[in-house]
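# Structural overview for review
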Amino acid sequence: MDPIINAVLKPKSIAVIGASTNPDKIGYKVVENLKNCGYQGAVYPINLEAHEIMGYKCYPSIKDVPYVVDAAVITVPAKIVPKVVQESGEKGVKGLSIISSGFSEVGDHALEDEVVRIAHEYGMRIIGPNIIGVLSNSDKMNASFTNFLPLEGKAALVSQSGALLIAMDAATYTRRVGFDKMISIGNQADLDFADLIAYLNEDENTSCITLYIEGIKDGPRFMEEARKCTKPIIALKAGTSAHGAAAAASHTGSLAGSAKVYEAAFEQAGVAQAEDLNDMFDTTLALSLQPTMKGDNLLIVTNGGGVGVLATDAAEKFGLPLKFAPEDVQAELRKHMPSFGSAKNPVDITGGAGLEGYYEGVKYSYAHPWVDGMVVLYCETSVTDPQEIAEAIYNAKNESGASGKPIAVSFIGGDRCEAAMKWLIEHDIPTYDAPDLAVKAMASLRKQDDMLKTAHNGLYKPTDVDSDLARKIIAGARAKGRDALTEVEAKNVFRAYGLPVTPTVLAHSEDEAVQLAEKIGFPVVMKIVSPDILHKSDAGAVKVNIKNEQGVRDAWKVIMENSLAYKADAEIDGVAVQEMAPWATEVIVGSVNDATFGPTVMFGLGGIFVEVMKDVTFKVAPIDEATALDMQSEIKSSKILEGARGESPRDQKALANVLAHYSFMVYDLKDEIAESDANPVIVYENGQGVAVVDARIILTKK
Ligand code: ADP
Ligand code: MG
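Cut-offs applied
Residues numbered from 1 in each chain as written. Chains lettered and ligands numbered in written order. Predicted model: local features only at pLDDT ≥ 70, side-chain atom pairs only at ≥ 80, totals over all residues. Heavy atoms only, no water. Helix = DSSP H or I, 4+ residues; strand = E, 2+ residues; numbered from the N terminus. Buried < 20%, exposed > 50% of the residue type's maximum accessible area, 1.4 Å probe, protein only. Contact = heavy atoms within 4.5 Å. Areas by Shrake-Rupley, 256 points an atom, 1.4 Å probe, with all protein chains shown as cover. Lys, Arg positive; Asp, Glu negative; His and termini not counted. Charge placed at Lys NZ, Arg CZ, Asp CG, Glu CD. Pairing = 2+ DSSP bridges. Axes fitted to C-alpha atoms, helices over the stretch in contact; angles between N-to-C directions. Parallel < 35°, antiparallel > 145°, perpendicular 65-115°, else oblique. Left-handed = near helix turned anticlockwise from the far one by under 90°. Nonpolar A, V, L, I, M, F, W, Y, C, P; charged D, E, K, R; others polar. Donors = N, O, S within 2.8 Å, 3.2 Å for Na, K, Ca; no water.

## Here's the deal with the overall build of the chain
Secondary structure assignment for the chain yields 25 helices and 29 strands. Projecting the C-alpha coordinates of the chain onto the three principal axes gives extents of approximately 95 × 80 × 35 Å. Looking at the chain as a whole, 57% of its 702 residues are labelled buried. Considering only intrachain contacts with a sequence separation of at least 6, the fraction spanning at least 24 residues in the chain is 71%. Surface summary for the chain: the accessible area is close to 28100 Å², and the carbon and sulfur share equals 52%. The positive charge centre, built from 67 side chains, and the negative charge centre, built from 95, are 2 Å apart in the chain.

## Points about the sheet that holds strand β5 (residues 71-74)
An order of β2-β1-β5-β6-β7 is seen for the five strands of this open sheet, with the pairing classed as parallel. Strands at the two margins of the open sheet, each flanked by one partner only, are β2 (42-46) and β7 (125-127). Ignoring which end each strand starts from, the neighbouring axes of this sheet average 20° apart. Of the strand pairs in this sheet, strand β1 (residues 13-17) and β2 are connected by five bridges, and their pairing is parallel. Paired with Ser-13 across the strands is Ala-42, a residue of β2. On top of the sheet, helix α4 (residues 109-121) reaches β6 (95-98) and β7; it is set at about 140° to β7, its chief contact.

## Points about the pairing of strand β15 (residues 298-302)
For β15, the tally of buried residues reaches five of five residues, placing the bulk of the element in the interior. Of the two faces of β15, the one carrying Leu-298, Ile-300 and Thr-302 and the one carrying Leu-299 and Val-301 are both buried. Sheet topology places β15 next to strand β17 (residues 373-379); four bridges connect them, and they run parallel. The partner of Ile-300 across the bridge, within β17, is Val-375. Judged from the two bridges that link them, β15 and strand β16 (residues 347-348) form a sheet pairing that is parallel. Residue pairing for β16: Thr-302 is matched across the bridge by Asp-348.

## Details of the packing of helix α20 (residues 510-520) against helix α21 (residues 549-566)
Describing two packed helices takes the angle between their axes plus the distance from one axis to the other. Orientation of α20 relative to α21, taken along the N-to-C sense of each, is 135°, at an axis distance of 9 Å. As far as their axial angle goes, α21 and α20 are oblique. As α20 runs across α21, the sense of the crossing is right-handed. Contact residues: α20 offers Glu-510, Asp-511, Ala-513, Val-514, Ala-517 and Glu-518, while α21 offers Glu-549, Val-552, Arg-553, Trp-556 and Lys-557. Each residue belonging to the contact of α20 with α21 can be placed in one class, and the counts come to five nonpolar, no polar and six charged.

## Focus on the coordination of the magnesium ion (ligand 2)
By definition of the ideal shapes, four donors in a tetrahedron about a metal sit 109.5 degrees apart, and six donors in an octahedron sit 90 or 180 degrees apart. Note on the magnesium ion (ligand 2): its protein donors are Asn-679 (O) and Asp-694 (OD). The metal-donor distances range over 2.1 to 2.2 Å. Here the residue Asn-679 occupies a position in strand β27 (residues 673-683), and Asp-694 occupies one in the loop between β28 (690-692) and β29 (696-699), the gap between them amounting to 15 residues. Note on Asp-694: relative accessible area 9%, which makes it buried.

## Regarding the side chain of Lys-527
When you line up the elements, Lys-527 lands in strand β21 (residues 524-529). Not counting residues up to four positions away in its chain, the partners in contact with Lys-527 are Glu-487, Lys-491, Lys-536, Ala-541, Val-542, Ile-559, Gly-574, Val-575, Ala-576, Gln-578, Val-693 and Asp-694.

This is the structure:
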């Protein structure tokens, strides 16, 4: 655990620089909140004139405090911040929360940089500036200007929005979702999401981490820390940025979009993405209170057929479809229900079910090894008391002899149900007022289990690559003043990264083209090689299925003519002569560099699937073969690869190998490649491999 971050989040002593005697000022509020919420450490208000504030002795400067100060909370106007940060450093303060605003959020990056520079000179770390402050129930510390600590619980919130943090702080009481910590991180001038994930992963009072994100500063580092984190992380991402659109100069670029890349990055790093604020609360409730679900067997117990059906629908919708319970489970459950009940799954113990029905039903099912997780539903009836049912469920689980499986509950009814649900949450059982929400919570616990497993795999790194060779080819093109590689060069780079490109050679004359074609063997394909013509078929400069010498000679003339007609002053290297790959399913593999997460991989089927349907999927590079297989099943037209309408299945394994190697290439060469694609890649029947017939690489600006 980083001792400096610990000093800001768990200080034994706090100086409030800019403490005020005026109750309207933030500098007063912070002192008042520390006092009123019961902070046990020392508090030193810093104020030039006052002698005491709220009973704490004041000092004119932090340097006058005669004791050790762990953290300084700074509330002075922005332009004085560098001065007090300097003094804090001289005093030996370990860390700073800078509440003051007026920095990069209003365009003053220089002032913000200056403050960070001074802090780092003294080894101090900063939360903020432009924050609400830091709140922690376990330390009864409210070092902020929002009035109260959140409802006690085990989640930790890190929020980039201050207003939202204040609102959520209040909402924890009505939503019944408890938090131990709420941390406002504002401009993230120094400590950012990644730092706080690393810290909270080791914090004993945090069981899950909830993030409200507007923008991540360093995508790869965020992903690295999220992957290392063994606790669930839930992120609500607001706003899609414009830089995805800026990259839309190329085909691949126009399909990218930073929202999609964020989505992929979260998934790859094992972060659950919340759809909206409600979902963020609901998911936090489940992930903060319950263990992950280790298998797919969800059992639903209900006293109402209707909510049972709703829950069953939800289970399918959220990817956790119900299965019938095994015979022995059914036989045992039947003993505790009327003959007209159903023990299948959902287990309908009927509206007549009372305490005994719930207690025995839950106790037996929860302990049964077949069951991986449970949802218990209750519809208010005139013959049962919701509070008693709640207690029966809780006791049954505790007395079942089993543990480590998640459970979620939904009560549907009036005030009495509300009270019983509150009680259940206080006893660590996530409870929702709709059956589908309880099922959705369970699905997120299931997904979390999968994500935590795969996210921990190290970054994919193939061994059969020759990056020196690739860099030499790129350096050669740069030496000629080019910002894009020709197809021949790009294919050589691809080949150096283990990609199966069709053999392609450059002919400088018609006669040479004939010789090379004869050497490769007919039929061949011929294409213009010119740094000025990147979309070759648009220029009429691709000729396929050339069968003999005369064909080569004809093609040469047509390609030259068309190319010069397309661009009269085009610089022409010659004509590429290449093996003609037999036709099969065409797919496109591409990459752009995302401003936040770096190189990405895009995959989709060729032709109208990409152009019209925009049926593509993205990942952050690099990806391993398992993730590459996931990409193939993620697209809507995945059936075509799996073998639709009597077609034999495509070689998805070979394609996965290509995607993984390609992803490593764009990752490894991220300083050199701005954008690239393999369009098309031809995918053959299972076992027959793939062929990359076109390659494009656009270089980074240097
Ligand atoms: P462009 O620069 O227009 O993308 P391509 O190299 O992709 O040019 O060629 C256009 C089309 O010609 C491809 O989509 C593919 O269908 C076909 N093609 C290109 N090269 C080959 C090849 N070596 N074997 C078979 N078909 C090819
Ligand atoms: Mg192409």
